[in-house]
Amino acid sequence: MGITVRNLVKSYGSATVINAISFDVAEGEFVTLLGPSGCGKTTTLRCIAGLDTPNGGAIAINGRVVSDAGSGVFVPPHQRDLGMVFQSYAIWPHLTVAQNVAFPLMVKGERDTGPAVAWALGVVGMTQLADRRPSELSGGQQQRVALARAIAGRPQVLLFDEPLSNLDARLRDRTRLEISRIQRELKVPALYVTHDQTEALSMSDRVIVMEAGTVVQEGRPRDLYHQPVNRFVADFIGSANFLDVRRVGRQWQLADGTPIQVDPVSDAGGTRPQVALLRPESIRLDGDTAPEQDAALNRLTGRVLGRMYLGPHIEYVVEVAGAQIRAFSRRDMPTGSPATLTFAAHDCRLVDDGAAPAPRTGHAG
Amino acid sequence: MSVLGTLYVAVFTAVALMALIPVAALVLGSLRDAAPGLTGRWTLANWANLASPGVVETLLTTIEVAGLTTAFAMVIGTALALVIHRTDFRWPTAMTAMLGLSFYFPSFILAMAWIVIGSPGGLINDVLRDVLGIESVSVDIYGVTGIIFVMVLHQVPFVYLTMRGPIMGMDPSYEEASRTAGASPLAMLRRVTLPMLSYALASSALLCLVMALEQFGIPVLIGVPGRVTVLATQIYLLCRFPPTAYGLAAAIGLTLAAITGVAILLQRRLARGGRAVVTTGKAGRITPIPLGAWRWPVNLLCGLYVAMALVLPSLILLYTSLIKFFTANPFDAAFTLRNYIYVWESEATQRAILNTLIVSGGGALVGVLLGAACSYFTVRLRPTGYRVLDMLVMLPFGVPGIVLGLGLLWAYAYLPVPLYGTLTLIVLAYVTRFLPYATETAGARFVQLDRSLEEAAWTAGASRQSGVWRIVLPLSLPSLQSGYFLLFMAFFREISATILIFTASTSVLSVSIWSSFEQANWGLASALSILAMVLMLAVMSLLLWAMPGARTR
């Protein structure tokens, strides 16, 4: 049940936008497609909605094949029983809020749309604005109308195409919680497309990271954050420092020869070029009068290159062994002053340096 | 096949027939040595005759008239647009309204009014001779200068209307940047504003040139008595006055259509290239340039234009319609209502009025629906062959009205379809000729309409047809209304496409006016013109009142 995508291919002319990807969204699961613009995430969503026609592969919704390039099956969007929220909201300006929300029911031929509309507007907290025109609504309100319209017809799946990208930061935080709550209440499978890592991490049961039309990694948000498969995923999710390291005997060294301890779990001994990932929040930053030594900790010294005051803390850029490392501290250190970075070995993870992701297909959900 | 699929095939077929039949008929006709409907032989003589001194001279005259008209109209129209939208001119709204009205002032009525004013027996010469006693100076409108003069008056509003959008839509920061860089208002105009408008200017000039090339009403009324022939009028003369030469007319028509067609193609290319340059969509508020010492010369220019293009012609026609014999001195004149009484009692005139309303009202509806369908296919759905459809829609736009009329005349003399002598043929001619008005207005709207609005309907469970019906059409209504308005006005005024295909029972008001004037019945022609203009104003107000969408032009 849910959504099943197998070996989906979409190309425009000679440009392949989606390169044989496969994934599943289980019943009641919230899955996010995350990736930079142009990675094919929106096209994937549009193929599932039936707004784009795939060139290869198959898509099934709740066990029903809606698109199969091999056998030529293509169910038009209006017969797929979807609820979709668009990036631009696509609230029809000539209809009132209630008429917008009633639309999915009306085109199905339902006579009495009142209760369903009232329910849907109630869920998003827009009951009192039912008779307004879209032009009289704020962006956030339009967003909620779009959400109400998507759920009004009790669809089998919910699709979201970057629905929060046009909202301001504060409203985005609130609406994230709202969407999560509604999806869990309705228990329908949901596929959410975004380029915003915060949205992906905070809302999803599972995140699928895409790059250049392929799936790079998929997993629970915390796994992606702590165990990224390569530099791309590590860089895309959260902020990351990368240290150039090389193996010398059984040891790892920085570019200038300083020895460094890395997370032994990540040290699989492969042949691929690797870099060490170091999240800024796992670094302790001190002046040159650093506290006592601990053998289990890495300790590097450098110089403050730049600083940005951010309120809760100051973000520093420190030059260490030829690399620029970002780290946070609440201490006030002037530019040019010496600095000491301290971090645990298990916070320094080796990841593949490969820019091009290894294509991975055929994941079972 | 789906509903939309069937509709696509139907629309494609209709547009293809409408565009290709007259053109094909012209090609065949140009190779025949007899009039349409008569048996004749194949010949190349018509094409050979294009090189005859008469035709070559006509071609040169046509180019001279159209070129000079375009040059003058561009300068005056652009100047007016800049004055109205870029300076502290006092009456921008009133001036815009006046230019809008004169845009709808039919060209052949304007020509008639100026003949009454400027012909050897007309107003100016009467005043010179009888009132001022001057014998040595006289004016004669019948000539190349007269034609160009009236055509410039007629074309200025078009230039203004095409230039005002680009001028108003220009991002003000470009101009402001030039001012902060030290440019005076005039230097800014010359070095920034006009160069940035160059695409729009070139595009407007090409369209203006096309309109001047195919202009029929003005050169036929002023040129024929003055023995000045342009290609459009020569086609008419060859078909209407013995010895007729329909084949030569067809060859000339195709030549003229080729010239205008190339100009239209160029214009389309320019318009496409220019879109990226200036339009930012940010209609900015800009500090108006102070007119200063230029204020009164500018006011005078505006007043003079309104007087010559609108007020004076209307007053003269009203006056002429109310007197028995023409005299410039109203105190000498014998006033009468006989022209209006005649109109009231004449069955033929009543039929012409009724025909005009049917053709304009009903034909515009057909046109706007067909145009909207074409645009939906070419802009949104893009099925196989949509580019061909787009070309077929544009093809007749490059064909002058008189040439289209001739093509239809040839076609329906041969084709076993009983269309000749019906109002349907007139509607067919008008819709064919003006379909791009409808496709452009509807298409512009469809392009603007965010795709997701329609997609949201599909994902919400609406089929394609249902999405069009419930979402696209309601959201495009204002543009469709404005397209209807444009078509109605164009159909109401049209004469060049009608003049060769009307019959006694399918005469329209424009033809009645023209033929009364041809019979030297200035009074009746003027009365009919006044009637036509009153009717037009009434319908205009009615449409604008009933269709708010048509107001935003």
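Computed from a prediction, not measured in an experiment: that's the story for all the values here. (Residues numbered from 1 in each chain as written. Chains lettered and ligands numbered in written order. Predicted model: local features only at pLDDT ≥ 70, side-chain atom pairs only at ≥ 80, totals over all residues. Heavy atoms only, no water.)

Things to note about the overall build of chain B
Right, so step 1: Looking only at helices and strands, chain B has 23 helices and 0 strands in total.
Right, so step 2: Here the C-alpha coordinates of chain B stretch approximately 80 × 70 × 50 Å along the principal axes.
Right, so step 3: A total of 553 residues make up chain B; the buried ones form 56% of that total.
Right, so step 4: Taking the intrachain contacts of chain B between residues at least 6 apart in sequence as the baseline, contacts between residues at least 24 apart amount to 77%. (Helix = DSSP H or I, 4+ residues; strand = E, 2+ residues; numbered from the N terminus. Buried < 20%, exposed > 50% of the residue type's maximum accessible area, 1.4 Å probe, protein only. Contact = heavy atoms within 4.5 Å.)

Quick look at the confidence of the model for chain A
Residues shown with low pLDDT carry predicted positions that ought not to be read at fine detail.
Right, so step 1: Looking at chain A as a whole, the pLDDT averages 86, with 94% of positions reaching at least 70.
Right, so step 2: Counting contacts from residues 356-365 of chain A, a segment whose pLDDT is below 50, to residues more than four positions away or on other chains yields 16 contacts. (pLDDT = per-residue confidence, 0-100.)

Thoughts on the pattern of salt bridges
Residue and element names in this part refer to chain A.
Right, so step 1: Here the structure, examined in full by the defined rule, presents 27 salt bridges over all chains.
Right, so step 2: For the salt bridge of aspartate 24 with arginine 6, the shortest nitrogen-to-oxygen distance reads 3.1 Å. Of this pair, aspartate 24 sits in strand S2 (residues 15-25) while arginine 6 sits in strand S1 (residues 3-12), and the two are 18 residues apart along the sequence.
Right, so step 3: For aspartate 24, a relative accessible area of 12% gives the class buried.
Right, so step 4: Ionic pairing is found between glutamate 315 and arginine 326, a salt bridge with its closest N-O pair at 2.8 Å. Taken together, the residues span a long stretch of sequence, with glutamate 315 in strand S18 (residues 314-320) and arginine 326 in strand S19 (residues 323-329) at a distance of 11 residues. (Salt bridge = Lys/Arg side-chain N within 4 Å of Asp/Glu carboxyl O.)

Focus: helix H21 (residues 464-493) of chain B
All names here are of chain B.
Right, so step 1: Taking 1.5 Å of rise per residue, the 30 residues of H21 would be expected to cover 44 Å, yet its terminal C-alpha atoms sit only 38 Å apart, more than 12% below that figure.
Right, so step 2: Approximately 60° is the largest bend angle found in H21, and it occurs at leucine 477, with the proline proline 478 only one to four residues beyond.
Right, so step 3: Within H21, 22 of the 30 residues are buried, which leaves it mostly tucked inside the rest of the structure. (Expected span 1.5 Å × (residues − 1). Bend = angle between axes of the 7 residues up to and from the residue.)

Description of the environment of serine 30 of chain B
Residue and element names in this part refer to chain B.
Right, so step 1: For serine 30, the location among the structural elements is in helix H1 (residues 3-30).
Right, so step 2: Between the C-alpha atoms of serine 30 and methionine 533, which are 503 residues apart in sequence, the distance is 38 Å.
Right, so step 3: Not counting the four nearest positions on each side in its chain, serine 30 is found in contact with Thr43, Asn46, Trp47, Gly247, Ala250, Ala251 and Leu254.
Right, so step 4: One polar contact links serine 30 to tryptophan 47, side chain to side chain, over a distance of 2.9 Å. (Polar contact = N/O pair within 3.5 Å; in protein donor to acceptor, adjacent residues only side chain to side chain.)

Overview of the nonpolar core
All names here are of chain B.
Right, so step 1: Membership of the largest hydrophobic core comes to 167 residues, with the highest contact counts inside it found for Val15, Met95, Leu221, Ile402 and Leu406.
Right, so step 2: Sort the elements by how many residues they give to this core and helix H7 (residues 144-169) lands first, with 12 residues.
Right, so step 3: Other than its neighbours up to four places away in sequence, methionine 95 contacts Leu80, Ile84, Phe89, Cys302, Tyr305 and Val306. (Core = buried A, V, L, I, M, F, W, Y, C linked by side-chain atoms within 4.5 Å.)

Quick word on a positive patch on the surface
Residue and element names in this part refer to chain B.
Right, so step 1: Taken together, the side chains of Arg382, Arg387, Arg451 and Arg464 define a basic patch exposed on the protein surface.
Right, so step 2: Relative to the helices and strands, arginine 387 resides in helix H17 (residues 386-394).
Right, so step 3: A residue is classified by how much of its surface remains accessible, and arginine 387, at 61% relative accessible area, is exposed. (Patch = residues over 30% accessible without salt bridge, like charges linked within 9 Å, V, L, I, M, F, W, Y side chains within 5 Å. Areas by Shrake-Rupley, 256 points an atom, 1.4 Å probe, with all protein chains shown as cover. Lys, Arg positive; Asp, Glu negative; His and termini not counted. Charge placed at Lys NZ, Arg CZ, Asp CG, Glu CD.)

A look at the interface of chain A and chain B
Right, so step 1: Opposite the 19 residues of chain A that make contact, chain B presents 17 residues.
Right, so step 2: The contact between chain A and chain B buries some 1600 Å² in all, and 70% of this surface belongs to carbon and sulfur atoms.
Right, so step 3: By the criterion of area lost to chain B, the three top residues of chain A are His78, Trp92 and His94 of chain A, representing 33% of everything that side buries.
Right, so step 4: Along the contact surface separating chain A from chain B lie 1 salt bridge.
Right, so step 5: Where chain A meets chain B, there are 6 residue pairs in polar contact (both at pLDDT 80 or more).
Right, so step 6: Every element with two or more residues in the side of chain A that touches chain B is listed here: helix H1 (41-49), strand S7 (82-85) and helix H2 (97-107) of chain A.
Right, so step 7: When the residues that make up the side of chain A that touches chain B are grouped by side-chain class, the tally is 14 nonpolar, 3 polar and 2 charged. (Buried area = accessible area lost by both parts, 1.4 Å probe. Nonpolar A, V, L, I, M, F, W, Y, C, P; charged D, E, K, R; others polar.)

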